[in-house]
Amino acid sequence: MKLIIAIVKPSKLDEIREALGHVGVNGMTVTEAKGYGRQKGHTEIYRGAEYTVDFLPKIRIEVAVDEPDAERVIETIRNVANTGQIGDGKIFVTTIDHALRIRTGETDAQAL
């Protein structure tokens with residue numbers, strides 16, 4: 001099993017959710033996040049005053065999938081989130097050793 005963590009632009013959330021539904025993803029966890037990468041934030045002008053935005057709004061999407069499905073899910077997220085602009089985000093993949101569905105007691109792949 002794999003845990004796929006994607007940090008993406010907030011405007012891409014609905015498109016990613018819909019695309020993942022088409023490839024068979026049944027659930028996900030979404031968290032609002034703030035951060036920066038290579039762009040180190042940016043400057044904006046508000047009422048004539050310039051200020052620096054150090055942390056940009058992002059969305060963190062977490063999806064647990066069976067190992068054979070991982071590459072398809074990763075490619076789906078990448079294709080939808082890619083705008084070609086700085087700040088498109090990152091995808092991290094980790095291994096899940098064990099999963100348990102609390103309600104039924106199902107474990108591992110059946111718990112996903």
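Residues numbered from 1 in each chain as written. Predicted model: local features only at pLDDT ≥ 70, side-chain atom pairs only at ≥ 80, totals over all residues. Heavy atoms only, no water.

Can you help me understand the nonpolar core in this one?
Across soluble globular proteins, nonpolar side chains have a tendency to be buried as a group. Counting residues in each nonpolar core, the largest one holds 18 residues, and the members touching the most others are Ile4, Val8, Ile16, Leu20, Ile61, Val73 and Ile77. Looking at this core, the elements that each hand over two or more residues are strand S1 (2-8), helix H1 (13-22), strand S5 (56-65) and helix H2 (70-81). Considering each element in turn, this core owes the most residues, 6 residues, to H2. In contact with Leu20, not counting residues within four places along its chain, are Val25, Met28, Val63, Val73, Thr76 and Ile77. (Core = buried A, V, L, I, M, F, W, Y, C linked by side-chain atoms within 4.5 Å. Buried < 20%, exposed > 50% of the residue type's maximum accessible area, 1.4 Å probe, protein only. Helix = DSSP H or I, 4+ residues; strand = E, 2+ residues; numbered from the N terminus. Contact = heavy atoms within 4.5 Å.)

Explanation requested: the pairing of S5 in the structure shown.
Every other side chain in a regular strand lies on the same face of the sheet, so the side chains alternate between the two faces. Note that S1 and S5 share 7 bridges and pair antiparallel. Residue pairing for S5: Ile7 is matched across the bridge by Arg60. Taken together, the 7 bridges between strand S2 (residues 29-35) and S5 define a ladder with antiparallel strand orientation. Its bridge partner lying in S5, Glu32 is registered against Ile59. (Pairing = 2+ DSSP bridges.)

Looking at this structure, I do not really get the packing of H1 against H2. What am I missing?
Geometry of a packed helix pair, given as the angle between the helix axes and the separation of the axes. Relative orientation of the contacting elements H1 and H2 amounts to 145°, with a least axis distance of 9 Å. H1 and H2 meet at a crossing whose hand is right-handed. Two secondary-structure elements touch here, H1 through Glu15, Ile16, Ala19 and Leu20 and H2 through Val73, Thr76, Ile77, Val80 and Ala81. Here the contact of H1 with H2 is built from residues that sort into 7 nonpolar, 1 polar and 1 charged. (Axes fitted to C-alpha atoms, helices over the stretch in contact; angles between N-to-C directions. Left-handed = near helix turned anticlockwise from the far one by under 90°. Nonpolar A, V, L, I, M, F, W, Y, C, P; charged D, E, K, R; others polar.)

Is there a simple way to explain H1 in this structure?
Structurally, the α-helix is built with 3.6 residues per turn, so residues lying three or four positions apart point the same way. Within H1 the residues assigned to the buried category are Leu13, Ile16, Ala19 and Leu20. Down the axis of H1, the smallest arc covering the buried residues is 135°, so these residues share one side. Set apart from the buried face of H1 by more than 90 degrees, the exposed residues are Asp14, Glu18 and His22. Looking one or two residues beyond H1, the residue adopting positive phi is Gly24, at roughly 95°. (Arc of directions from axis to C-beta.)

Bear in mind that shape data such as this cannot, by itself, settle questions of function.
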